[in-house]
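What the coordinates show
The residues making up each chain are set out below.
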Amino acid sequence: MVDIKVLDKNKEKISLIVKNTNSVFINTLRRMIMEEVPTLAIEDVKFIENSSALYDEMIAHRLGLVALKTDLKSYDIKKKGKGSKVFTELTFKLKAKGPGNVYAEEIKFKDPKVKAVYPKTLIAKLLKGQNLNIEGTAILGIGKDHTKFSPGLVYFHGYPNIEIIKPMVATGAVKVCPKHVFRLANKKLEVVDLLKCDLCMACVNELPEAIKVEGSKKDFIVNIESWGQLKAKEMVQYAIELLNDKLDEFGKLIK
Ligand code: SF4
């Protein structure tokens, strides 16, 4: 049975030890989170006025990449079907007069709950007499369609297994290891923080006769980092629900 232990957890990042599984399952979860958990992003932009030094296309591109707070409970996603491209549309306006910087916090959405995750994301710099007047829409979408919708980054590696074959010879690993996994005790090398090892193999390359490092094929350290649109925990929960739905669907089709 799969065994999960939380190593570290906050709003932006969760680190887990997942045991008794395989890389196919972990990679499926990774792809579900990065490619199928929906978030909001600006999709269509109409320029009423742009007298800034930037082309319309450049400003539209910058607006598209603004991370937006997404409250998935607000949208009736299940009814419309998870995984569909467009779930909802939200209009916004952006008006600014120079001189001064235009930041993402100045984008005003019809739904006041929708805001830029990082309010000081710079959109443009206006000189005296330059203006911006923009209207447009944000939509819910998924990373599979465009990476701007991806809610974060998920990466994993096998649970490290370090074997110190020659503790008196391998002392150089203390200096080589960038993660400070080792320490010296009575001139012998010992592992002090195994979980910090990310299998970079720097110690093995330096001292191939003295140290052996391997990543497990059934136990993994999994890291889930949010870009800010959703909490890391929400990303995992939604992806698991989605995977369950897909498996149910698959089961029905098989029958
Ligand atoms: S594999 Fe890399 S991180 Fe792990 S112990 Fe060796 S040097 Fe350190």
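Each value, and the rule that gives it
- Residues numbered from 1 in each chain as written.
- Predicted model: local features only at pLDDT ≥ 70, side-chain atom pairs only at ≥ 80, totals over all residues.
- Near = placed C-beta within 6 Å.
- Nonpolar A, V, L, I, M, F, W, Y, C, P; charged D, E, K, R; others polar.
- Helix = DSSP H or I, 4+ residues; strand = E, 2+ residues; numbered from the N terminus.
- Buried ≥ 20, exposed ≤ 12 C-beta atoms within 10 Å, placed from the backbone.
- Contact = placed C-beta atoms within 7 Å.
- Pairing = 2+ DSSP bridges.
- Domains from an automatic or database assignment.
- Expected span 1.5 Å × (residues − 1).
- pLDDT = per-residue confidence, 0-100.
- Axes fitted to C-alpha atoms, helices over the stretch in contact; angles between N-to-C directions.
- Parallel < 35°, antiparallel > 145°, perpendicular 65-115°, else oblique.

Looking now at the site of the ligand. Close contacts around the ligand come from 13 residues, with Cys-177, Cys-197, Cys-200, Ala-202 and Cys-203 the closest. For the shell around the ligand, the residue count by class is 11 nonpolar, no polar and two charged.

Positionally, Gln-229 belongs in the loop between strand E12 (211-226) and helix H6 (232-254). Overall, the presence of 23 C-beta atoms within 10 Å leaves Gln-229 in the buried class. Along the sequence, Gln-229 and Ile-142 sit 87 residues apart, while their C-alpha atoms lie 12 Å from each other. If sequence neighbours within four positions are ignored, Gln-229 has contacts with Thr-39, Leu-40, Ala-67, Leu-68, Lys-69, Thr-70, Val-117 and Pro-151.

It is worth spelling out the sheet that holds strand E8 (residues 131-141) at this point. Taken together, four strands build an open sheet; the order of strands is E3-E8-E4-E6 and the sheet is antiparallel. Edge positions in the sheet fall to strand E3 (39-50) and strand E6 (108-109), since each of these pairs with one other strand and no more. As paired strands, E3 and E8 are joined by 10 bridges and run antiparallel to one another. The residue bridging Ala-41 from the neighbouring strand is Ile-139, located in E8.

For the rest of this paragraph, the subject is the domain arrangement of the protein chain. In terms of domain boundaries, the protein chain breaks down into domain 1 (3-35 + 152-224) and domain 2 (39-148). Computed from C-alpha coordinates alone, the two centres of domain 1 and domain 2 are separated by 39 Å.

Glancing now at H6. In a regular helix each residue adds 1.5 Å, so 23 residues correspond to 33 Å; H6 covers 33 Å between its end C-alpha atoms and thus fits that length. Every buried residue of H6 is listed here: Ala-232, Met-235, Val-236, Tyr-238, Ala-239 and Leu-242. Considering only its buried residues, H6 is in contact with strand E2 (13-19), helix H1 (23-36), strand E9 (152-164) and E12.

Across the protein chain, the average pLDDT comes to 93, with 95% of residues at 70 or higher. Taken as a whole, residues 79-86 scores under 50 in pLDDT and shows 10 contacts with residues more than four places along the chain or in a different chain.

Here Gly-98 and Pro-99 are connected by a cis peptide whose omega angle stands at 5 degrees. Along the chain, the position of Pro-99 falls in the loop between strand E4 (89-97) and strand E5 (100-103).

One open sheet accounts for four strands, arranged E1-E2-E12-E9; its pairing is antiparallel. The open sheet is flanked by strand E1 (3-9) and E9, the only strands paired with a single partner. Across the sheet, the axes of successive neighbouring strands diverge by a mean angle of 30 degrees, strand direction being ignored. With 12 bridges joining them, E9 and E12 adopt antiparallel strand pairing. Across the sheet, the residue bridging to Ile-164 is Ile-211, located in E12. Against the sheet, H1 makes contact with E2, E9 and E12, and its axis sits at roughly 155 degrees relative to E9, the strand it touches most. Its contacts with the sheet put H6 on E2, E9 and E12, and the angle it makes with E12 is roughly 100 degrees.

Between H1 and H6, the shortest axis-to-axis distance is 9 Å and the interhelical angle comes to 110 degrees. It follows that H1 is roughly perpendicular to H6 by the angle criterion. Contacts between H1 and H6 involve Thr-28, Leu-29, Met-32, Ile-33 and Glu-36 from the former and Met-235, Val-236, Ala-239, Leu-242 and Leu-243 from the latter. Taken together, the residues of the contact of H1 with H6 break down into eight nonpolar, one polar and one charged.

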